[in-house]
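# Fold and contact review
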Amino acid sequence: MKKLSGWMRIWIVLSFVFFISSYLYGVRDYNQRNNEIFNLYRSSCEISNKSVNQFKECWDYAVDKTDESKKSSGGLLEQTLVFSILPLSFFWIFGFISFRVFKWIRKGFVEQPQSTE
């Protein structure tokens, strides 16, 4: 089994921190957006001074519209994919390519031993 270098360990820890923080951001954004949609419909029910039955119908409509918005914008799994997994995979690919290019460039500056003939 290959030992991990210090840079690899740092990269893994940073990736884990990025994944957790972006996942939490995605969850917060998902919930906040749905709450704003629900509050918009709910406030229209409260402003209109409807009777109790009409208010209940309006409230149910607000809940239905919020559920519809959740379905159309994707669920929490899609939010996780967009906010954490895709960017993280791009960072890993970019990091790998950059590391290989850096090693290739550095190899050109290393002095080659002169052969004595």
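Everything here concerns the structure above.
This one's a predicted model, so the numbers in the text were calculated from it and none came from an experiment. (Residues numbered from 1 in each chain as written. Predicted model: local features only at pLDDT ≥ 70, side-chain atom pairs only at ≥ 80, totals over all residues. Heavy atoms only, no water.)

### Remarks on the overall build of the protein
Going by this rule: Strands are runs of DSSP state E lasting at least 2 residues, helices are runs of H or I lasting at least 4, and numbering of each runs from the N terminus. Type-normalised accessible area, obtained with a 1.4 Å probe on protein chains alone, sets the label of each residue: buried when under 20%, exposed when over 50%, and partly exposed for intermediate values. Contact criterion: two residues are considered in contact whenever any of their non-hydrogen atoms come within 4.5 Å of each other.
Broken down by element type, the protein carries 3 helices and 0 strands. Counting from the amino terminus, helix and strand elements in the protein follow one another as α-α-α. Residue burial in the protein is summarised as follows: out of 117 residues, 15% are buried. Within the protein, counting contacts between residues at least 6 apart in sequence, those at least 24 apart form 75% of the total.

### Some remarks on the packing of aromatic side chains
Which entries qualify depends on this criterion: Here the aromatic set is Phe, Tyr and Trp, taking the six-membered ring for Trp, and pairing holds for ring centres within 6.5 Å; pairs whose planes are under 30 degrees apart are stacked, those over 60 apart are edge-to-face, and all others are tilted.
Within the structure shown, the criterion is met by 3 aromatic pairs. Seen from their ring centres, F18 and F91 are 5.4 Å apart, and the 80° between their planes marks the pair as edge-to-face. Here F18 is found in helix α1 (residues 6-47), whereas its partner F91 is found in helix α3 (residues 76-109), with 73 residues between them in sequence. By relative accessible area, which is 25% here, F18 ends up partly exposed. Residue class for F91 comes out partly exposed when judged on its relative accessible area of 42%. Summarising the aromatic geometry, the rings of F19 and Y23 are spaced 6.5 Å apart at their centres and angled 15° between planes, so their arrangement reads as stacked. Of the two residues, F19 and Y23 are both situated in helix α1; the distance of 4 residues between them amounts to about one turn of the helix. Looking at Y23, the relative accessible area reads 30%, which means it is partly exposed.

### So, a positive patch on the surface
Our working rule: Patches draw on residues past 30% relative accessible area with no salt bridge. Two like charges within 9 Å are joined, as are two nonpolar side chains (Val, Leu, Ile, Met, Phe, Trp, Tyr) within 5 Å. Here the accessible surface of atoms and residues is derived via Shrake-Rupley with a 1.4 Å probe, and residues count as covered only by protein chains that are part of the display. In what follows, salt bridge is the name for a side-chain nitrogen of Lys or Arg lying within 4 Å of a carboxyl oxygen of Asp or Glu. Working convention for charge: Lys and Arg count positive, Asp and Glu count negative, and His plus the chain ends are omitted. A charge is said to be at NZ when it belongs to Lys, at CZ for Arg, at CG for Asp and at CD for Glu.
The grouping of K2, R100, K103, R106 and K107 at the surface amounts to a positive patch. Tracing the sequence through the fold places R106 in helix α3. For R106, a relative accessible area of 49% corresponds to the partly exposed category.

### Digging into α3
Defined as follows: To estimate the expected span of a helix, count its residues, drop one, and scale the result by 1.5 Å. Fitting one axis to the seven residues ending at a residue and another to the seven starting there, the bend at that residue is the angle between the two axes.
In a regular helix each residue adds 1.5 Å, so 34 residues correspond to 50 Å; α3 covers 49 Å between its end C-alpha atoms and thus fits that length. Taking the largest bend as the criterion, α3 deviates by roughly 35°, centred on V82. Residues of α3 that are buried include every one of Q79, T80, S84 and L88, and no others.

### Some points on the environment of E57
With respect to the helices and strands, the residue E57 is situated in helix α2 (residues 52-73). We classify E57 as exposed; its relative accessible area is 57%. Considered as a pair, E57 and C45 are 12 residues apart in the sequence and their alpha carbons are 9.1 Å apart.

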